[in-house]
Each structure stands twice: as C-alpha cells, then as structure tokens.
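Geometric and topological summary
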Amino acid sequence: ARVGTPPRGLAAGPYAAIAEAYTAGFLVDLKAAIEVLARAEQLYPDESALPAIRAQIAMVLDDREQAKEAIERSLALDPDDSTALEARANLRSDLNGDLDGAHADLLRAIEIAPGSTSAWNDLGLVQSSRGAEREAEAALKHSIELDPQDPVAHINLAIVYLDQDRVAEAKDE
C-alpha cells in the first residue's frame, strides 16, 4: 500500500532520463513517460535511444504518427540503433503488414544486439505470421534461453504451439 517517491537529481544523462521515463510510465501513465523522453531529447539531441524508446511507447498508445516520427529521428541519428529497428519492425508488421521489411529489420537488430530477448521474441512473432513455424519456434526458444524468467516469449511460444494443436507443449509454457 506504500508508494515511494522516485529519487530526483541523483543521476544525469540520457539513460537516467530513460529510467525516469519508465518510472513515470509506471507511477503516472505512458503519456507522462513520453513527456519525459521528449524533454530529454531536447537536452540530448544526438542520443538515438531516446526517440527509439519514445517510438515504442507511442506504439503502445496507438500514436502512429509520433511513432513514425520518433523512429525516423532515431534512425537518422543512428541507422544501427537496435531499439529503433525493433520499433520499425513492429510498425511494419503490425500496422503495415510488411512482414518482409519487419523480418529484415529484426535480423539487423539481432546482428547488432544478439542478446536482445525482445528482438528474438519479435522475430518469432514475425516468423509465425510469415508461416515459418519452425523458425518461429526456434526464435522464441532462443528468447527464452536468453531470459527464462521473462514471461512474454513463453506466452508467445504457447500461442504458436496452440496454433499447431500442440496443447501439452503449450500448457508447459
């Protein structure tokens, strides 16, 4: 029942701003998180991670225009920002139906950040949408291997199994 007050002024820099945005997202709402990131982008205009994360949050809010703008800004700053590539892949697959473009973005993101559980999870989802069920299963299992405690890939793997009538395996997940 107790809610603590987040510390202020103890850290500076773009990654401290990202932490503050995540905190605002949990304690206030996602619009507050976006506001924190937008202010941080003014302070750190050359940091590609800030608009990349803003894009991901904007997509959760279904703010497509902001997501597109933030992805473009991030990739203009760093064409190899893996978070921005993941965000663009999600935009391409979920909103535009461009599974091949999403697949290419995710392969590049994984090449840059091979330990990204979210990129492997997203690759599994795209592969499943493309009908590449073995590849989807392998990508999701790799995401689980990287972080066995993250429930997202377990859930998505269970859905892949259910789509294949592999109920016992889905139940295990």
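Bear in mind the structure is a predicted one, so any value in this text is a computation, not a measurement. (Residues numbered from 1 in each chain as written. Predicted model: local features only at pLDDT ≥ 70, side-chain atom pairs only at ≥ 80, totals over all residues. Heavy atoms only, no water.)

So, the overall build of the protein chain
Counting its secondary structure elements, the protein chain contains ten helices and zero strands. N-terminal to C-terminal, the α/β element order of the protein chain is α-α-α-α-α-α-α-α-α-α. Taken over the C-alpha trace, the protein chain has a radius of gyration of 17 Å; the compact-globule value for 173 residues is 16 Å, and the two agree within 12%. Overall, the C-alpha framework of the protein chain stretches about 50 × 45 × 25 Å when taken along its three principal axes. For the protein chain, the proportion of its 173 residues judged to be buried stands at 43%. Restricting to contacts in the protein chain with at least 6 residues of sequence separation, those with at least 24 account for 43%. Carbon and sulfur atoms make up 52% of the accessible area of the protein chain, which totals about 9,800 Å². (Helix = DSSP H or I, 4+ residues; strand = E, 2+ residues; numbered from the N terminus. Rg over C-alpha atoms; globule rule 2.2 N^0.38 Å. Buried < 20%, exposed > 50% of the residue type's maximum accessible area, 1.4 Å probe, protein only. Contact = heavy atoms within 4.5 Å. Areas by Shrake-Rupley, 256 points an atom, 1.4 Å probe, with all protein chains shown as cover.)

Some thoughts on the pattern of salt bridges
Working definition: two side chains of opposite charge can pair if their charged atoms are close together. For the structure shown, the criterion picks out 15 salt bridges. Between Arg-73 and Glu-41 there is a salt bridge; the shortest N-O distance is 3.0 Å. Here the residue Arg-73 occupies a position in helix 4 (residues 64-77), and Glu-41 occupies one in helix 2 (residues 30-43), the gap between them amounting to 32 residues. Within this structure, Glu-41, Arg-54, Glu-69 and Arg-73 form a network of salt bridges that share partners. (Salt bridge = Lys/Arg side-chain N within 4 Å of Asp/Glu carboxyl O.)

Focus on the layout of surface pockets
Counted as a void, the second largest pocket has a volume near 390 Å³. Tyr-22, Ile-53, Gln-56, Ile-57 and Val-60 are, among the 15 residues lining the second largest pocket, the residues nearest its centre. When contributions to the lining of the second largest pocket are tallied by element, the ones reaching two or more residues are helix 1 (14-27), helix 2, helix 3 (49-60), helix 5 (82-96) and helix 7 (117-129). Residue contributions to the lining of the second largest pocket peak at five residues, all from helix 3. (1 Å grid on protein atoms, 1.4 Å probe; cavity = no way out; pocket = protein on both sides within 12 Å on 5 of 7 lines; lining within 4 Å. Points joined across faces, edges and corners; volume = space filled by probe spheres on them.)

Let's talk about unusual backbone geometry
Here Asp-62, not a glycine, exhibits a phi torsion of approximately 60°, which is positive. Here Asp-62 shows up in the loop between helix 3 and helix 4. A residue is classified by how much of its surface remains accessible, and Asp-62, at 49% relative accessible area, is partly exposed. Unusually for a residue other than glycine, Asp-165 sits at a positive phi of about 60°.

Remarks on the environment of Tyr-22
As for its position among the elements, Tyr-22 is in helix 1. For Tyr-22, a relative accessible area of 41% gives the class partly exposed.

Some words on the side chain of Gln-127
In this structure, Gln-127 sits in helix 7. Relative accessible area serves as the criterion here: at 9%, Gln-127 is assigned to the buried category. Beyond its immediate chain neighbours, meaning those up to four positions away, Gln-127 contacts His-103, Ala-132, Glu-135 and Ala-136.

Concerning the nonpolar core
In this structure, Ile-18, Ala-21, Leu-37, Leu-50, Ile-53 and Ile-57 are the most contacted members of the largest nonpolar core, which totals 16 residues. Listing elements by their share of this core, those giving two or more residues are helix 1, helix 2 and helix 3. Per element, the largest residue contribution to this core is six residues, and it comes from helix 2. Setting aside residues up to four positions removed in sequence, Leu-37 forms contacts with Ile-18, Ala-21, Leu-50, Ile-53, Arg-54 and Ile-57. Listed in part, the ten residues of the second largest apolar core include Ala-52, Ala-70, Ala-84 and Ala-109. (Core = buried A, V, L, I, M, F, W, Y, C linked by side-chain atoms within 4.5 Å.)

A short note on the side chain of Asp-122
Tracing the backbone through its elements, the reader meets Asp-122 in helix 7. Look at Asp-122: it is buried, it has no salt bridge, and the nearest opposite charge is Arg-88 at 12 Å. Excluding residues within four positions of it along the chain, Asp-122 makes contact with Glu-86, Asn-90 and Leu-106. (Lys, Arg positive; Asp, Glu negative; His and termini not counted.)

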